[in-house]
Each structure stands twice: as structure tokens, then as C-alpha cells.
Amino acid sequence: MDDLMNWDAVAGRFTPPARLAVIGDPIAHSRSPQMHNPALKACGIDAQYVRVQVPVRNVAKAFRQFAASGFLGVNITIPHKFEALDAVDELDPLARALGAVNTLAIRDGRLFGYNSDGPGFLRSVKEAFGVEVKDLRVLILGAGGGAGRAVAVQCALKRCPRLVLANRTVSKATALADEVKQWSPETEVSVVAWTDEEVAEYMSQIDLIVNATSLGMKTDDAKLAPADALLPRHLVFDMVYRANGVTPLVEDAAAAGAKTVDGLTLLLHQGAISFEHWFDRPAPLQAMREGLRNALIV
């Protein structure tokens, strides 16, 4: 499905019928269907999850069409997470705090907006490293974007002891730092220009390093952190992943003996949280995990 259309006709074309979707622009690359459809099957839910291309400035219209056609929910990805904030009837307090909506639940025709980025990040850190964000000193690379903001605010809400916000445009990180301090005055917040020299100065004082940008998905992406400053005790969380191979940040961190995790785990837990909002039941994590693994093989 490539754009907005007659949803009553389209939804019925699928067996099982389409009742869940992910929207974006572009969207063909999304692996969310390969994760959610096995989950629906495992739970015996007669519905299918599909991709839908939605142009910018059409999110509110798309949401209403989904609701009119009997859809249960929608995931929202780039570039629609901010537009979705103003397209829902009721906004979850956490989504308001994080400043973006990436999960829509449709109940009795009403639109409920949630954010699973922050909670998905927390679950991923716990699964990958066996620790809680509240106990970690965190460096966020690319803190000026939406993902960086979500991670920073979520860390502040958990009262982490220290946050270092690195961004090419320092003014964006400074604005975020001011906001973070309002959520958690006890968190020590620093802002640095995203250069090897400045980042390296802080890395010895950090436990968790997070890449909150899309850099690393392509083979020609530059290194994100100075490799010689990575330590075996570091925990490294790359929010992106590669279908074939690892990202440069994960590769450098592993070579330094650090523990690593990439964005595939984040995608899994974001999806599980969305599933819980839609169906008010635990998500079948194993089925979703296997679906993602199979999607990478194809």
C-alpha cells in the first residue's frame, strides 16, 4: 500500500484482514511486519500488520481513515512522530514528556497516542546489560534529534546521576539540557560539541554510550566515537542496526572489549510495548524476536 486510499476496500484484500500498520515516508524498508505478524499468529489474533506510505502533513487524515476502517493501531516512524502529537484525541503523559508519538491505539473510534521509544530503550538496556539506567552515567551522541531527546528525557525521568549531551549543533543540546534539568534537577548535565577531542574527554567518566542518530546504517558512515577512548567497562548502545554485519560503533566497542547492543533489540522492545497498548496483554517476545531474525536473513 503506497499512499492514502479507500481503506475499507484495502483492508479486506488481506487474509487475515489488515488491522494494524506502520506509517512513514519512506516505509518500504521497515521490518515491523516481519516482527508483528508472527506475534499476531502466535496469539491467535485474526489480523495482519502492513506497511503504509503516508506523505508528510497527512498523518491526521491517515489516522481518521484507519479508525473508520476498523484498524486497531498504528506504529509511526520517521518523519511523522512529531506530526502525530497533534493528530490524536488523547496523549499519554510520557509521550507528551518525550515530545513524540510512535504508537497509536484506536479504541471506539478515538485516537490514543503513546511513545515506546523511551520505555523500549529502558527494557533494551536491562536485557542487554543487566543494569538499570538510573544507576548509569550516560553519554548521548546526537542529542539534538528526536531519538536523542527521548533517551535524554527518559534517563532524566529515571534520575540517572549524569548525562553528557553531544551534538554537532551545540545550541540544540543546550536547549535539551535546560529541559532535562527541569525533569531531574539532581542529574548532572553537561553539553559538549560532538568532536573526537571533546567526547574523548568525557568518555572515561561515562558508563553508557548511546548513538541516537541514523549514522552507522551505511558502510560509508564515519566513526562516531574515538576508538582509543573506548574501554572494556563501557556499555555501548547503538540505536541503529545493519541487516548484514555490525555498525562501526559496535565494531569498535567490541574490539575494545566493551559490551554492546544494536537497534534490533530496541525495535523488538518498542514493538512489544506497542503490542501491549493494542491488546492489553503481554507480547509474545520469542515469536517477535524470531520474526526479526528471519527478516535479516532474507
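Residues numbered from 1 in each chain as written. Predicted model: local features only at pLDDT ≥ 70, side-chain atom pairs only at ≥ 80, totals over all residues. Heavy atoms only, no water.

K.L.:
Is there a simple way to think about helix H3 (residues 59–68) in this case?
P.N.:
Side chains of residues three or four places apart in an α-helix project in the same direction, reflecting 3.6 residues per turn. Of the positions making up H3, those classed as buried are Val59, Ala62, Phe63 and Phe66. For H3, the angular spread of buried residues about the axis comes to 100°, placing them on one side. Two residues or fewer after H3 comes Gly70, characterised by a positive phi angle close to 85°. (Buried < 20%, exposed > 50% of the residue type's maximum accessible area, 1.4 Å probe, protein only. Helix = DSSP H or I, 4+ residues; strand = E, 2+ residues; numbered from the N terminus. Arc of directions from axis to C-beta.)

K.L.:
Quick question: what am I supposed to make of the packing of aromatic side chains here?
P.N.:
The geometry of two aromatic rings is summed up by the distance between their centres and the angle between their planes. On inspection of all chains with the given rule, the structure shows four aromatic pairs. Here Phe66 and Phe71 contribute two aromatic rings whose centre-to-centre distance is 4.9 Å and whose plane-to-plane angle is 55°, an arrangement assigned as tilted. The exposure class of Phe71 is buried, given its relative accessible area of 2%. The lysine or arginine in question, Arg168, covers the ring of Trp194, its NZ or CZ lying 4.1 Å from the ring centre. (Phe/Tyr/Trp six-rings, centres within 6.5 Å; stacked < 30°, edge-to-face > 60°. Lys NZ or Arg CZ within 6 Å of the ring centre and 35° of its normal.)

K.L.:
Whenever I open this one, the sheet that holds strand E5 (residues 103–107) confuses me. Can you help?
P.N.:
Strand pairing in a sheet relies on backbone hydrogen bonds, with the paired strands running either antiparallel or parallel. If you trace the six strands from one edge of the open sheet to the other, you get E2-E1-E3-E5-E6-E4, paired in mixed fashion. The open sheet is flanked by strand E2 (48–53) and strand E4 (90–91), the only strands paired with a single partner. When strand E3 (residues 73–76) meets E5, the two strands line up antiparallel, connected through three bridges. From the neighbouring strand, Asn75 faces E5, where its bridge partner is Thr103. (Pairing = 2+ DSSP bridges.)

K.L.:
Teacher, can you tell me more about the environment of Leu104 here?
P.N.:
The residue Leu104 is located in strand E5 in this model. Leu104 sits 187 residues away from Gly291 along the chain, and the two C-alpha atoms are 22 Å apart. When sequence neighbours within four positions are dropped, the list of residues in contact with Leu104 reads Phe63, Leu72, Gly73, Val74, Ile76, Val88, Leu111, Phe112 and Trp278. (Contact = heavy atoms within 4.5 Å.)

K.L.:
What should I look at first to understand the pairing of strand E11 (residues 235–238) in this one?
P.N.:
Every regular strand shows the same layout, with side chains that alternate between the two sheet faces. Across the two faces of E11 the burial is the same, with Leu235 and Phe237 and Val236 and Asp238 all buried. When strand E10 (residues 208–211) meets E11, the two strands line up parallel, connected through four bridges. Pairing of Val210 across the sheet is with Phe237, part of E11. Alignment of E11 against strand E12 (residues 259–261), held across three bridges, turns out to be parallel. Across the sheet, residue Leu235 finds its bridge partner in E12, namely Lys259.

K.L.:
In this structure, what is going on with the nonpolar core? I would like to understand it.
P.N.:
For soluble globular proteins, nonpolar side chains are generally found buried alongside one another. Core analysis: the biggest nonpolar cluster contains 32 residues, and Phe121, Ile140, Leu165, Leu208 and Phe237 have the highest contact counts within it. Looking at this core, the elements that each hand over two or more residues are helix H4 (93–98), helix H5 (117–129), strand E7 (137–141), helix H6 (146–157), strand E8 (162–167), helix H7 (170–183), E10 and E11. Ignoring any residue separated from it by four or fewer positions in sequence, one finds Phe237 in contact with Phe121, Ser124, Val125, Leu208, Ile209, Val210, Asn211, Val261 and Leu266. (Core = buried A, V, L, I, M, F, W, Y, C linked by side-chain atoms within 4.5 Å.)

K.L.:
I'm lost on the side chain of Gln154 in this one. Help?
P.N.:
As for its placement among the helices and strands, Gln154 is situated in helix H6. Taking the relative accessible area as the measure of exposure, Gln154 reaches 4% and is therefore buried. Excluding residues that lie within four positions of it along the chain, Gln154 makes contacts with Leu94, Leu98, Gly118, Pro119 and Leu122.

K.L.:
What's the story with the environment of Lys259 in this structure? I'm lost.
P.N.:
In this structure, Lys259 sits in strand E12. Using a relative accessible area of 49% as the deciding quantity, one classes Lys259 as partly exposed. With 24 residues separating them in the primary sequence, Lys259 and Ala283 have C-alpha atoms 26 Å apart. If sequence neighbours within four positions are ignored, Lys259 has contacts with Phe129, Pro232, His234, Leu235 and Val236.

K.L.:
Can you walk me through the pattern of salt bridges in this structure?
P.N.:
Here the idea is simple: oppositely charged side chains can pair when their charged atoms come close. This structure, assessed with the given rule, holds 13 salt bridges. Note that Glu132 is salt-bridged to Lys126, the shortest N-O span being 3.6 Å. Judged by its relative accessible area of 35%, Glu132 falls in the partly exposed class. Judged by its relative accessible area of 42%, Lys126 is partly exposed. Salt-bridge contacts for Arg289 lead to Glu127; the nearest nitrogen and oxygen are separated by 3.1 Å. (Salt bridge = Lys/Arg side-chain N within 4 Å of Asp/Glu carboxyl O.)

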